[in-house]
Amino acid sequence: MVRVRDLSKAFGGNPVLEGVDLTVLEGTVTALIGPSGAGKSTLLRCMNLLERPDAGEIEIGSHRIDARSRFSKRQLYALRRETGMVFQHFNLFPHMSVMRNVVLPQQRILGRSKAEAEHRAQELLARMGLADKGGQYPNKCSGGQQQRIAIARALALEPRVMLFDEPTSALDPEVGAEVLEVMKELAAEGMTMIVVTHEMGFARNVCEDLVVMADGGIIEQGDPQRIMGDPSHPRTRSFLHAVLQR
Amino acid sequence: MLHAVLTGIPLTLGVTAAALIIGTLVSLPLLACTLSGNRLLWLGARMVIDLLRGVPIVVWLFIFYYGVTLGSAKLSAFGAAVLGLGLVSGAYLAEIFRGAVSSVSAGQFEAGRALGMTSRGLWADIIAPQAWRVALPGYTTYGIGLLKDSSIASTIGVAEMVFQAGNFARTTGNGIVVFLLAAAVYILVSVPVGILSRRVDERMSAVVAR
């Protein structure tokens with residue numbers, strides 16, 4: 001389970017998150033949507049402490065961090081180990097082969113042997129439809145391939161929850177569809193996922209929970225079909241209207 | 001005449017190499033301080049860098065030559081030259097490395113952190129290898145510059161190539177040829193280094209275009 005309690009974060013005096021509470025159940029897929037500047041990405045990045053919240057609590061599995069109190073590096077790494085993150089711009093390591101991108105973190109973070117890590121990497125790359133890409137460098141791969149490699153890299157560390165930060169926003173729609181397909185399969189396998197996205201189809205059809213954010217807070221949360229069909233908050237209504245008009 | 005120039009070559013290369021090594025070693029803590037995010041460390045490193053770069057090398061060499069004593073013994077001319085050139089190099093190299101590090105995208109740091117890498121692992125496996133590729137051309141250019149700047153050591157009496165050539169010119173009254181010869185040696189060393197660096201750079205960016 002992932003639980004965020006009363007989370008606040010400001011950048012240079014501008015509040016970006018104000019007292020956000022969110023609970024994500026094991027094995028569910030949650031979409032975070034909302035207008036830009038709503039704080040979706042910041043909320044996601046606070047969950048693995050890429051951003052340090054000013055106040056509030058983050059709990060993932062058995063690990064809990066209170067932003068107000070001091071926590072050790074060990075606690076920080078323990079929390080991050082529970083999460084895998086996929087970025088809008090993939091952020092693969094350009095100086096390593098695709099295989100090494102997936103192998104090195106396993107060696108460094110899980111202490112796996114090279115053979116073990118390579119075996120796992122090959123398995124994951126095959127699952128992503130990239131079995132033959134191991135020897136390539138990331139820049140020789142298409143955007144959609146790079147994003148699937150990034151997903152494999154994160155999955156290789158066996159995270160409890162996967163955080164996706166606009167994973168298809170930098171991709172052409174049809175390439176994005178390949179990535180969404182992979183994410184859909186992951187969801188079907190029971191992976192806990194939190195997805196910041198503008199893909200309303202994915203949010204509606206794959207996600208169990210829809211969280212609508214605006215101005216640093218959650219304004220509506222619940223069943224995606226219901227919210228999209230009958231939004232109760234005027235901000236949700238205008239946002240959905242704007243997005244679905246496109 | 002050839003003999004005069006040739007006898008100076010080992011010290012020219014020695015001063016250059018030793019200063020480059022010291023400079024590299026000095027640049028790393030300076031770099032770490034400027035990147036630490038700690039204001040005091042940053043300020044301290046900035047002051048050291050600006051101080052070292054703000055004074056002409058020849059002045060530093062005289063300061064170290066006349067000013068640094070080890071117990072009762074004075075620093076040798078070679079020691080003063082290597083120390084002075086090395087420290088100044090450290091300041092310049094710290095800046096070259098800092099530029100290279102800042103060329104590595106923030107996403108690389110984020111990806112490493114999100115994977116749960118320790119900061120040491122992040123630097124060793126992700127940032128340094130990428131930054132090094134960016135820094136290499138600037139580093140070699142600096143190294144070639146340093147080779148030429150090592151001639152400044154002649155002012156405090158290090159018997160490197162320019163010192164030897166000067167001596168020869170003074171004693172024989174024949175200056176032009178011996179200095180042309182010295183010039184040729186500088187070119188003979190620096191041009192291949194430059195070519196080699198470009199080769200390596202091309203090869204690396206062919207594999208990993210960014």
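Residues numbered from 1 in each chain as written. Chains lettered and ligands numbered in written order. Predicted model: local features only at pLDDT ≥ 70, side-chain atom pairs only at ≥ 80, totals over all residues. Heavy atoms only, no water.

Considerations on the overall build of chain B
Okay, so step 1: Each helix and strand in chain B was counted, giving eight helices and two strands.
Okay, so step 2: Reading the helices (α) and strands (β) of chain B from amino to carboxyl end gives α-α-α-β-β-α-α-α-α-α.
Okay, so step 3: Counting only C-alpha atoms, chain B reaches 70 × 45 × 25 Å along its principal axes.
Okay, so step 4: For chain B, buried positions account for 43% of its 210 residues.
Okay, so step 5: As presented, chain B carries roughly 10400 Å² of accessible surface, and 70% of it is formed by carbon and sulfur atoms.
Okay, so step 6: Once the 14 positive and 8 negative side-chain charges of chain B are each reduced to a mean point, those two points are 2 Å apart. (Helix = DSSP H or I, 4+ residues; strand = E, 2+ residues; numbered from the N terminus. Buried < 20%, exposed > 50% of the residue type's maximum accessible area, 1.4 Å probe, protein only. Areas by Shrake-Rupley, 256 points an atom, 1.4 Å probe, with all protein chains shown as cover. Lys, Arg positive; Asp, Glu negative; His and termini not counted. Charge placed at Lys NZ, Arg CZ, Asp CG, Glu CD.)

Here's the deal with the UniProt feature "domain: ABC transporter" (unreviewed entry) in chain A
Okay, so step 1: The UniProt record marks residues 2-240 of chain A with the feature "domain: ABC transporter" (unreviewed entry), using the residue numbering of this structure.
Okay, so step 2: Here residues 2-240 of chain A is 38% helix and 26% strand, with 26 Å between the C-alpha atoms at its ends. (UniProt positions renumbered as here; feature names shortened; annotations may be inferred.)

Observations concerning the sheet that holds strand E5 (residues 63-66) of chain A
Residue and element names in this part refer to chain A.
Okay, so step 1: If you trace the four strands from one edge of the open sheet to the other, you get E2-E1-E4-E5, paired in antiparallel fashion. The sheet terminates laterally at strand E2 (14-24) and E5, the two strands that pair on one side only. Ignoring which end each strand starts from, the neighbouring axes of this sheet average 15° apart.
Okay, so step 2: In the packing of helix H1 (residues 40-47) onto the sheet, the strands contacted are strand E1 (2-11), E2 and strand E4 (55-60), and the crossing angle to E1 comes to about 120°. (Pairing = 2+ DSSP bridges. Axes fitted to C-alpha atoms, helices over the stretch in contact; angles between N-to-C directions. Contact = heavy atoms within 4.5 Å.)

Notes on the interface of chain B and chain A
Okay, so step 1: Taken together, the contact pairs 22 residues of chain B with 25 residues of chain A.
Okay, so step 2: Interface area, chain B with chain A, both sides summed: about 2000 Å², of which 61% is carbon and sulfur.
Okay, so step 3: The interface formed by chain B and chain A includes two salt bridges.
Okay, so step 4: B:Asp125 is the partner of A:Arg108 in a salt bridge, and the nearest nitrogen-oxygen pair spans 2.7 Å.
Okay, so step 5: Here chain B and chain A share seven residue pairs in polar contact (both at pLDDT 80 or more) between them.
Okay, so step 6: Among the secondary structure elements, those contributing two or more residues to the side of chain B that touches chain A are helix H5 (106-115), helix H6 (119-149) and helix H8 (176-207) of chain B.
Okay, so step 7: Ranked by residue count, the leading element in the side of chain B that touches chain A is H5(B), at eight residues.
Okay, so step 8: Taken together, the residues that form the side of chain B that touches chain A break down as 10 nonpolar, seven polar and five charged. (Buried area = accessible area lost by both parts, 1.4 Å probe. Salt bridge = Lys/Arg side-chain N within 4 Å of Asp/Glu carboxyl O. Polar contact = N/O pair within 3.5 Å; in protein donor to acceptor, adjacent residues only side chain to side chain. Nonpolar A, V, L, I, M, F, W, Y, C, P; charged D, E, K, R; others polar.)

Some points on the nonpolar core
Okay, so step 1: A:Leu32, A:Leu43, A:Met47 and A:Ile194 are the most contacted members of the largest nonpolar core, which has 74 residues in total.
Okay, so step 2: When residues of this core are assigned to their parent elements, the largest contribution, 11 residues, is made by helix H4 (residues 77-103) of chain B.
Okay, so step 3: Grouped together as the second largest cluster of nonpolar side chains are 48 residues, A:Met128, A:Met162, A:Phe239 and A:Leu240 included. (Core = buried A, V, L, I, M, F, W, Y, C linked by side-chain atoms within 4.5 Å.)

Points about the packing of aromatic side chains
Residues and elements named next belong to chain B.
Okay, so step 1: Across all of its chains, the model carries eight aromatic pairs over all chains by this definition.
Okay, so step 2: On the numbers, 5.8 Å between centres and 25° between planes, the contact of Trp-60 with Phe-64 is stacked. With a gap of four residues between them, Trp-60 and Phe-64 both fall in helix H3 (residues 57-67), about one helical turn apart.
Okay, so step 3: Judged by relative accessible area, Trp-60 falls into the buried class, the value being 10%.
Okay, so step 4: Ring geometry for Phe-109 against Trp-123: centres 5.7 Å apart, planes inclined by 75°, an arrangement best described as edge-to-face. Linking Phe-109 in helix H5 with Trp-123 in helix H6, this pair joins segments that are 14 residues apart in sequence. (Phe/Tyr/Trp six-rings, centres within 6.5 Å; stacked < 30°, edge-to-face > 60°.)

A word on the pattern of salt bridges
Oppositely charged side chains can pair when the atoms bearing their charge come close.
Okay, so step 1: Tallied over the full model, the rule gives 21 salt bridges over all chains.
Okay, so step 2: In this structure, the salt-bridge partner of A:Glu59 is A:Arg64, at a minimum N-O distance of 3.5 Å.
Okay, so step 3: The partner of B:Asp50 in a salt bridge is B:Arg53, and the shortest N-O contact between them spans 3.8 Å. Of the two residues, B:Asp50 and B:Arg53 both sit in helix H2 (residues 39-54), three residues apart, roughly one turn of that helix.
Okay, so step 4: The exposure class assigned to B:Asp50 is partly exposed, which follows from its relative accessible area of 40%.
Okay, so step 5: One continuous salt-bridge network, built from bridges that share partners, spans B:Arg46, B:Asp50, B:Arg53, B:Glu95 and B:Arg98.

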